[in-house]
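Report on the structure
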Amino acid sequence: MLPAYIPNPAAALLGGGTPIDLGKNYSDGNRIFGDGKTYRGLITGILAGVITGLILIWLAGQFPQEDLPKHTLLSISLLATGALLGDLVKSFFKRRFNKERGTKWPIADQYDLVAGAFLLLLIGDSGWLFTTVTLPVFLIILIITPVLHRATNIVGYIFKVKEVPW
Ligand code: CTP
Ligand code: MG
């Protein structure tokens with residue numbers, strides 16, 4: 001899951017500048033995505049996830065006897081891109097519910113990246129998804145994702161990368 005987990009914190013660290021919606025509003029008068037979704041965050045976040053995945057592929061080659069997850073260029077790209085597309089779609093619906101940028105939206109804020117990553121994998125490489133993400137693996141992901149999400153956001157808040165600790 002690291003290629004899907006890394007893009008969000010990477011975007012928080014490296015993002016900023018021109019928002020993806022170019023500052024435009026939707027028909028309801030709220031922003032389409034908001035200032036928290038930028039081109040730089042999207043691109044650097046996906047790149048960071050892919051680089052993480054390349055390191056995992058290299059590691060798996062170094063330790064063939066360890067039975068590490070068999071990543072491919074496709075699986076890491078879909079995980080990284082899906083994570084931030086899920087985050088983007090989440091923000092679109094967050095604005096439709098009149099929730100301003102940075103406000104809390106439980107469940108959606110935590111699982112957007114999992115939903116996005118798995119949806120892209122389902123479309124682009126369902127064979128990899130079903131052989132790698134078995135039911136016990138899926139349950140572990142459901143448990144550790146909100147824990148990791150909260151922990152990284154608290155760290156981000158302490159180091160002043162994030163404005164709020166969620
Ligand atoms: N970020 C970015 N581009 C993205 C995603 C994130 O630049 N595509 C950066 C922004 O600086 C953002 C920070 O990462 O503020 C944290 O991301 P997130 O918590 O997803 O955004 P929020 O600001 O909370 O906005 P939203 O309410 O839409 O989730
Ligand atoms: Mg947020």
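Residues numbered from 1 in each chain as written. Chains lettered and ligands numbered in written order. Predicted model: local features only at pLDDT ≥ 70, side-chain atom pairs only at ≥ 80, totals over all residues. Heavy atoms only, no water.

Describing the environment of Gly-116
If you trace the backbone, Gly-116 turns up in helix α5 (residues 108-124). Relative accessible area serves as the criterion here: at 13%, Gly-116 is assigned to the buried category. If we ignore the near neighbours within four places in the chain, the residues touching Gly-116 are Gly-82, Ala-83 and Gly-86. (Helix = DSSP H or I, 4+ residues; strand = E, 2+ residues; numbered from the N terminus. Buried < 20%, exposed > 50% of the residue type's maximum accessible area, 1.4 Å probe, protein only. Contact = heavy atoms within 4.5 Å.)

Some words on the nonpolar core
Of all hydrophobic cores here, the largest spans 14 residues; its most connected members are Ala-4, Leu-79, Leu-113, Phe-118, Leu-121, Val-133 and Ile-141. Per-element tally for this core: the top contributor is α5, with five residues. Not counting the four nearest positions on each side in its chain, Ile-141 is found in contact with Met-1, Tyr-5, Val-114, Phe-118 and Val-133. Counting five residues, the second-largest nonpolar core is a separate cluster that includes Ile-46, Val-50, Ile-76 and Ala-80. (Core = buried A, V, L, I, M, F, W, Y, C linked by side-chain atoms within 4.5 Å.)

Concerning the side chain of Lys-37
Here Lys-37 shows up in the loop between α2 (7-14) and α3 (39-62). Setting aside anything within four residues of it in sequence, one finds Lys-37 in contact with Pro-19, Ile-20, Asp-87, Leu-88 and Ser-91.

By themselves these figures say nothing about function.
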